[in-house]
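Fold and contact review
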Protein chains: 2
Amino acid sequence: MTASDRPTKRLQTRRQNEQAILEAAEKVFAEAGFGGATMQLIADMAGLPKANLHYYFATKEELYRKVVSRIFEIWLHAADTFDNAPGPVEGIGAYIDAKMDISRRHPFGSKVWASEVMHGAPVIQDYLETTLRDWTAGRIAAIQRWIDEGRLAPVDPRHLLYMIWATTQHYADFGHQIETLNAGNPLSEKQWAAAKESVKKIILRGIGATGFPA
Amino acid sequence: MTASDRPTKRLQTRRQNEQAILEAAEKVFAEAGFGGATMQLIADMAGLPKANLHYYFATKEELYRKVVSRIFEIWLHAADTFDNAPGPVEGIGAYIDAKMDISRRHPFGSKVWASEVMHGAPVIQDYLETTLRDWTAGRIAAIQRWIDEGRLAPVDPRHLLYMIWATTQHYADFGHQIETLNAGNPLSEKQWAAAKESVKKIILRGIGATGFPA
DNA sequence: TCGTTTTCTGACCGTATGGTCAGGGTTGAG
DNA sequence: CTCAACCCTGACCATACGGTCAGAAAACGA
């Protein structure tokens, strides 16, 4: 057993602190925006002195970049469901499920991403131009194949993707509005399930997914 | 003719300046967020000294509130199409058209609204709880009526509305991402039209709107 | 135990921000 | 023409921010 394998107290603390900082930062960035977020607030929320933040993350930008990257990774993995599907109903259905789950469990991350893109993606433009562009091209091809096979109505795959992204993320990004329109209460377990089903039903029927019950 | 009817030079200048400030503010707030926006930048963009801004709008918050209110008004009027429609295809179709047009012509406003809601609506919470809540209840009732008449599939009107909001606003709020995925170019006239048609087709078919061609 | 490396933190700094204000300029009614 | 009301602005202020740093404290290998 080498020294690096054993989780020394140092390494353990480091990981704990980094994790605490990242979680606090995600929340603060989501709630206040990059400009409105302060290192002091993040530090307080993470339970650390401000100077300690700068020990782990040199600048505010660097911390922010890490936060955005994390979310992007989660989103990418969520799309795995897409690939191993026998058909559009299962593939797209599972993708919508996965994205709805992410909206529920990572609302802060979704908001940070939305904010970043809305401000012109100053920090993650490279991701958009490489990873996301490639990913999108692949899924569009997959959807087009289904259309060519007659398993979907001839819709523009690109706009279908945008609709899925927009709708699923709406439940995170506009969660406050939805909550307000739900008599001020967060969606219950049942309501989340109903939302999922509604979204899937409308979209799957909307693209004429073969085998989807009318 | 009373004095207030004649547009004196004073009134004219006042209106011009207020307009210039509001437009500049909308853009700056959209691009930098409330926290990231500075009065100096807004002043420069409006072509006025910073102190002049504070003559017209006492505080940054007051200016921001005016900006958000303006957008809200535009959105409310866009929904008029909904009411005078003979059926769901015309009503919802026209509503989607109107919202897509707003996304195209007022992308900054849409972003400011999105940002405000994402941050918990600290400034316009009262709008959400009064005007928006009432508006939503009315449209939900209208959609439910169509469903009861058998002119729509039995979908949850609430989630249908959310989907329309999310999708149409996505083209404004995530315009930068869409542009990047469009080889870096803004959507052309034709592409906007295609987007509109795609959105309408999927949603109208998705809710089984009677008379909508499969 | 000892010396070294890593981790931590209170105090501090330069800067930029929102907002103020005194005073000068302009407009328009009488 | 006069004068009061309104409009404009350079200079200024207090505050809060991101970031720095010297040095204390803790952890570690030997």
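Every value quoted in this text rests on a predicted model; they were computed, and no experiment measured them. Throughout this description, residue numbers start from 1 for each chain and increase along the sequence as written. Chains and ligands are labelled by the order in which they are written, letters from A for the one and numbers from 1 for the other. Since the coordinates come from a predicted model, pLDDT governs what is reported: local features require at least 70, and pairs of side-chain atoms require 80 or more to be given and counted, while whole-chain, interface and lining totals use all residues. Excluding hydrogens and water, the side-chain values take into account all heavy atoms of the structure.

Quick word on the relation of the copies chain A and chain B
Look at the two chain copies: a rotation about an axis and a shift along it is all it takes to match them. Definition in use: Residues reaching a pLDDT of at least 70 in both copies supply the C-alpha atoms on which the copies are superposed by least squares. Contacts: residue pairs with any heavy atoms within 4.5 Å of one another.
Placing chain A over chain B gives an RMSD of 0.1 Å and needs a rotation angle of 180°, together with 0.0 Å of translation along the axis. The operation mapping one copy onto its partner corresponds to a two-fold rotation axis. Considering only C-alpha atoms, the part of chain A nearest the rotation axis is Gly206 of chain A, at 1.7 Å. Interface overlap between copies: 100% of the residues of chain A at the interface are likewise at the interface in chain B, consistent with a symmetric, same-surface contact.

Some thoughts on the domain arrangement of chain A
All names here are of chain A. Note the following rule: By convention here, the domain bounds are inherited from an automatic or database domain assignment. Two parts placed together each lose some accessible area; with a 1.4 Å probe, that loss summed over both constitutes the buried area.
We note that the domain assignment places domain 1 (1–58) and domain 2 (67–206) within chain A. The centre of domain 1, based on its C-alpha atoms, is set 29 Å off from the matching centre of domain 2. In this assembly, eight residues from domain 1 lie in contact with six residues from domain 2. Contact between domain 1 and domain 2 buries roughly 770 Å² in total, counting both sides, with carbon and sulfur atoms accounting for 67%.

Quick word on unusual backbone geometry
As a reminder of what qualifies: Numbered from the N terminus, helices here are DSSP runs of H or I no shorter than four residues, and strands are runs of E no shorter than two.
We note that Ala121 of chain A has phi near 50°; this positive angle belongs to a residue other than glycine. The topology assignment puts Ala121 of chain A in the loop between helix 7 (107–118) and helix 8 (125–148). The backbone phi angle of Ala183 of chain B is positive, close to 60°, even though this residue is not glycine. Considering the arrangement of structural elements, one finds Ala183 of chain B in the loop between helix 10 (175–180) and helix 11 (189–206).

A closer look at the interface of chain A and chain B
Just so we agree on the cut-off: Two N or O atoms form a polar contact when they lie within 3.5 Å of each other; inside protein one atom must be a possible hydrogen donor and the other a possible acceptor, and for residues adjacent in sequence the pair counts only when both atoms belong to side chains. Just so you know the grouping, Ala, Val, Leu, Ile, Met, Phe, Trp, Tyr, Cys and Pro go in nonpolar, Asp, Glu, Lys and Arg go in charged, and all remaining residues, Gly too, go in polar.
The partner chain B presents 57 residues to the 57 residues of chain A that form the contact. Among the residues of chain A in contact with chain B, Met118, Leu181 and Ile202 of chain A are the three that bury the most area, contributing 17% of the side total. Where chain A meets chain B, there are 19 residue pairs in polar contact (both at pLDDT 80 or more). If you list the elements that add at least two residues to the side of chain A that touches chain B, you get helix 1 (9–36), helix 7, helix 8, helix 9 (157–173), helix 10 (175–180) and helix 11 (189–206) of chain A. The leading source of residues in the side of chain A that touches chain B is helix 9 of chain A, at twelve residues. By residue class, the composition of the side of chain A that touches chain B is 28 nonpolar, 20 polar and nine charged.

Let's talk about the layout of surface pockets
Counted only if it meets this: Only protein atoms enter the 1 Å grid used here. Points where a 1.4 Å probe fits but cannot escape make up a cavity, open sets with protein on both sides within 12 Å along at least five of seven lines make up a pocket, and a residue lines them when an atom lies within 4 Å of a point. Grid points are joined across faces, edges and corners, and a volume is the space filled by probe spheres set on the points.
Approximately 340 Å³ is the volume found for the largest pocket. Every residue lining the largest pocket is counted, 17 residues in all, and those nearest its centre are Pro107, Tyr171, Gly175, His176 and Glu179 of chain A. Sorting elements by how many residues they give to the lining of the largest pocket places helix 10 of chain A first, with four residues. Grouping the amino acids of the lining of the largest pocket by side-chain chemistry returns eight nonpolar, five polar and four charged. Of the volumes computed, that of the second largest pocket is approximately 240 Å³. Taken together, 14 residues form the lining of the second largest pocket, with Tyr171, Gly175, Glu179, Pro186 and Trp192 of chain B sitting closest to its centre. Sorting the residues of the lining of the second largest pocket by element identifies helix 6 (88–105), helix 7 (107–118), helix 9 (157–173) and helix 10 of chain B as the ones contributing at least two each.

Brief notes about the protein's contact with DNA strand D
Put simply, the rule reads: Whether a residue is near a molecule or strand depends on its heavy atoms: it is near if one of them lies within 4 Å of it.
The immediate surroundings of DNA strand D are formed by 21 residues, with Arg10, Lys50 and Lys60 of chain A together with Tyr55 and Tyr56 of chain B found nearest. The sugar and phosphate moieties of DNA strand D supply 59% of its atoms located within 4 Å of the protein. The separation between a phosphate oxygen of DNA strand D and a polar side-chain atom of Arg14 of chain B is 3.0 Å. Tyr55 of chain B has a polar side-chain atom sitting 2.5 Å from a phosphate oxygen of DNA strand D. For the surface near DNA strand D, the secondary structure elements donating two or more residues are helix 1, helix 3 (50–56) and helix 4 (60–78) of chain A together with helix 1 (9–36) and helix 3 (50–56) of chain B.

Overview of the side chain of Asp173 of chain B
Going by this rule: Only protein chains enter the area calculation, which uses a 1.4 Å probe; residues under 20% of their type maximum are buried, those over 50% are exposed, and those in between are partly exposed. The convention is simple: Lys and Arg are positive, Asp and Glu are negative, and His and the chain ends are not counted. Salt bridge, as applied in this entry: a Lys or Arg side-chain nitrogen positioned within 4 Å of an Asp or Glu carboxyl oxygen.
Tracing the sequence through the fold places Asp173 of chain B in helix 9. Although buried, Asp173 of chain B forms no salt bridge, and the nearest oppositely charged side chain, Lys111 of chain B, lies 7.0 Å from it. Only 2.7 Å separates the side chain of Asp173 of chain B from the side chain of Ser110 of chain B, close enough to count as a polar contact. With residues up to four places along the chain from it excluded, the contact list for Asp173 of chain B reads Met118 and Phe174 of chain A together with Ser110, Lys111 and Ala114 of chain B.

So, the nonpolar core
What counts here: By nonpolar core is meant a set of buried Ala, Val, Leu, Ile, Met, Phe, Trp, Tyr and Cys residues that side-chain atoms within 4.5 Å join together.
Judged by nonpolar contacts, the single largest core of 136 residues is most densely connected at Leu63, Ile92 and Trp113 of chain A together with Leu63, Ile92 and Trp113 of chain B. Discounting residues that sit within four places of it in the chain, Trp113 of chain A has contacts with Val68, Ile71, Phe72, Trp75, Ile124, Leu128 and Gln169 of chain A together with Phe174 and Gln177 of chain B.

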